[in-house]
Amino acid sequence: GALGYFYFNGTDQYATVAMAQSEEEWQYEARFTIPPRGKVNYVADSSSHNALYVTSTGTVKVEYAAASDGSLVTLETAALTVGSYNYISVVHLYGAVVLVLNNGAAIIGADAADAQSPFTRIGRKVGDSSSYFTGRIYNFSVANSTVPQNNYNFNEGSGTTFIDTLGSANATIVNLGSAGGGWDY
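Residues numbered from 1 in each chain as written. Predicted model: local features only at pLDDT ≥ 70, side-chain atom pairs only at ≥ 80, totals over all residues. Heavy atoms only, no water.

Here's the deal with the sheet that holds strand 15 (residues 171-174)
Okay, step 1: Spatial ordering of the open sheet is given by 7-6-5-4-11-2-15-14, a layout of 8 strands whose pairing is antiparallel. The sheet is open, and its two borders are formed by strand 7 (72-76) and strand 14 (161-162), each paired with just one other strand. (Pairing = 2+ DSSP bridges. Helix = DSSP H or I, 4+ residues; strand = E, 2+ residues; numbered from the N terminus.)

What follows is the structure in structure tokens.
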């Protein structure tokens, strides 16, 4: 069947969730389209140094806490085409963080703290009302090195919840009925 998605309206739709991500060797993946330029669009965020977002210029940034002192580390891709479908994989393994975009060349960053702050928002930065995602998110998943922990395939086609297909950390959609967003195929 067709791969479904949730179209975020960029104004007030997001989801609240409490993911596990507390493993020594963690990874997460996301599939989404690049939103229009001009504002920051968060795919996923936590209450502290752990985020995946698209900048106002169309680059993708990953933020995490450094192993050495917990400070913020940022990895960034080149600018991507508006509306393009992209697959991002971020892996913490063997003393480094590796960002891979569309199965291309790896961007390698400094070692990360083992336990990162869990993701608590999909489609918005925590505490920021100007960072709502605009466009399609197809999938977001979190795992440790051997066991998937959370997986959101945004293909249910209806409902008020992003279902965690691996566990009970379902995400509650805020402002589901707001104009310009919702489920689609």
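Still more to cover.
Some details on the confidence of the model for the protein
The predicted coordinates should not be examined in detail at positions where pLDDT is low.
Okay, step 1: Per-chain confidence: the protein averages 89 in pLDDT, with 92% of residues scoring 70 or above.
Okay, step 2: Within the protein, strand 7 carries the highest mean pLDDT (97), whereas strand 13 (residues 148-153) carries the lowest (84). (pLDDT = per-residue confidence, 0-100.)

A short note on the packing of aromatic side chains
Okay, step 1: Counted according to the given criterion, the structure contains 17 aromatic pairs.
Okay, step 2: Their ring planes at 80° and their centres at 5.0 Å tell us that F6 and W183 sit as a pair that is edge-to-face. Of this pair, F6 sits in strand 1 (residues 5-9) while W183 sits in strand 16 (residues 182-184); the two residues are 177 residues apart in sequence, bridging distant segments of the chain. Side by side, F6 and W183 carry an identical accessibility label, which is buried.
Okay, step 3: For the ring pair Y152 and F154, a centre distance of 6.5 Å and an interplane angle of 40° mean the geometry is tilted.
Okay, step 4: F154 sits in the buried class, given a relative accessible area of 0%.
Okay, step 5: Joined through ring pairs, the aromatic side chains of F6, F8, F32, F133, Y152, F154, F162 and W183 make up one cluster.
Okay, step 6: Between R124 and the ring centre of Y14, over which it is positioned, the NZ or CZ distance is 4.7 Å. (Phe/Tyr/Trp six-rings, centres within 6.5 Å; stacked < 30°, edge-to-face > 60°. Buried < 20%, exposed > 50% of the residue type's maximum accessible area, 1.4 Å probe, protein only. Lys NZ or Arg CZ within 6 Å of the ring centre and 35° of its normal.)

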